[in-house]
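# Structural overview
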Amino acid sequence: MQLQQQLSMLRIAGCMQKSGQIMGMMNDIIKLPQLQAVMSAMGQEMMKAGLIEEMIADTFEDDELDEEADEEVQKVFDNILAGLPAYKATKPEPINEKDDDEVDDEMVARLAALSK
């Protein structure tokens, strides 16, 4: 039993030594300041080419796809859970969005009621 533990400890020590050597070699290979300079130059070139703005615009246009995907997921859940007695297929009620003026009027009325 103790021999197995010692053998395991020797193996672990060997692996740790090899890991340390590999990390040292990777540190020698990768020069962080050079990598940062290259990435900065690449970012500037991408900005010049307008790729960053295009990527941001594409990201915000995907909202419609998210809504469609949510609807499809809800349909699948409804189909799966329809057979369960405790489950009622309920659709979420739409959020009632009030006009900013209505919200402001309500807040003013509440403030007036509190100040009386």
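The rules behind the values
Residues numbered from 1 in each chain as written. Predicted model: local features only at pLDDT ≥ 70, side-chain atom pairs only at ≥ 80, totals over all residues. Heavy atoms only, no water. Helix = DSSP H or I, 4+ residues; strand = E, 2+ residues; numbered from the N terminus. Buried < 20%, exposed > 50% of the residue type's maximum accessible area, 1.4 Å probe, protein only. Areas by Shrake-Rupley, 256 points an atom, 1.4 Å probe, with all protein chains shown as cover. Expected span 1.5 Å × (residues − 1). Salt bridge = Lys/Arg side-chain N within 4 Å of Asp/Glu carboxyl O. pLDDT = per-residue confidence, 0-100. Patch = residues over 30% accessible without salt bridge, like charges linked within 9 Å, V, L, I, M, F, W, Y side chains within 5 Å. Lys, Arg positive; Asp, Glu negative; His and termini not counted. Charge placed at Lys NZ, Arg CZ, Asp CG, Glu CD.

### Digging into the overall build of the chain
When helices and strands are tallied, the chain shows five helices and zero strands. Of the regular secondary structure in the chain, the N- to C-terminal order runs α-α-α-α-α. Counting all 116 residues of the chain, 1% fall into the buried class. When the accessible surface of the chain is split by element, carbon and sulfur atoms take 61% of a total near 11400 Å².

### What to know about helix H1 (residues 2-29)
Between the first and last C-alpha of H1 there are 41 Å, a value that for 28 residues agrees with the 40 Å anticipated at 1.5 Å per step. Within H1, only zero of the 28 residues are buried, leaving the element largely exposed.

### Re the pattern of salt bridges
Evaluated as defined, the whole model comprises one salt bridge. The salt bridge partner of Lys-75 is Glu-72, with a shortest N-O separation of 3.6 Å. Of this pair, Lys-75 and Glu-72 are both found in helix H4 (residues 63-81), three residues apart, which corresponds to roughly one turn of the helix.

### Some words on the confidence of the model for the chain
A residue-level look at the chain finds 82% of positions with pLDDT of 70 or above and a mean pLDDT of 80. When mean pLDDT is taken per element in the chain, H1 scores highest with 89 and helix H3 (residues 51-61) scores lowest with 74.

### Comments concerning a negative patch on the surface
On the surface, Asp-66, Glu-67, Glu-68, Asp-70 and Glu-71 cluster together into a patch of negative charge. Mapped onto the elements, Glu-71 comes out in helix H4.

### Concerning a nonpolar patch on the surface
A surface patch of nonpolar side chains, amounting to about 900 Å² of accessible area, comprises Ile-22, Met-25, Met-26, Ile-29, Ile-30, Leu-32, Leu-35, Met-39 and Met-42. Of all the secondary-structure elements, those providing two or more residues to the nonpolar patch are H1 and helix H2 (32-49).

### Things to note about H2
For H2, with 18 residues, the first-to-last C-alpha span of 26 Å sits near the 26 Å given by 1.5 Å per residue. Where H2 ends, the next residue or the one after it, Gly-50, has phi of about 80°, a positive value.

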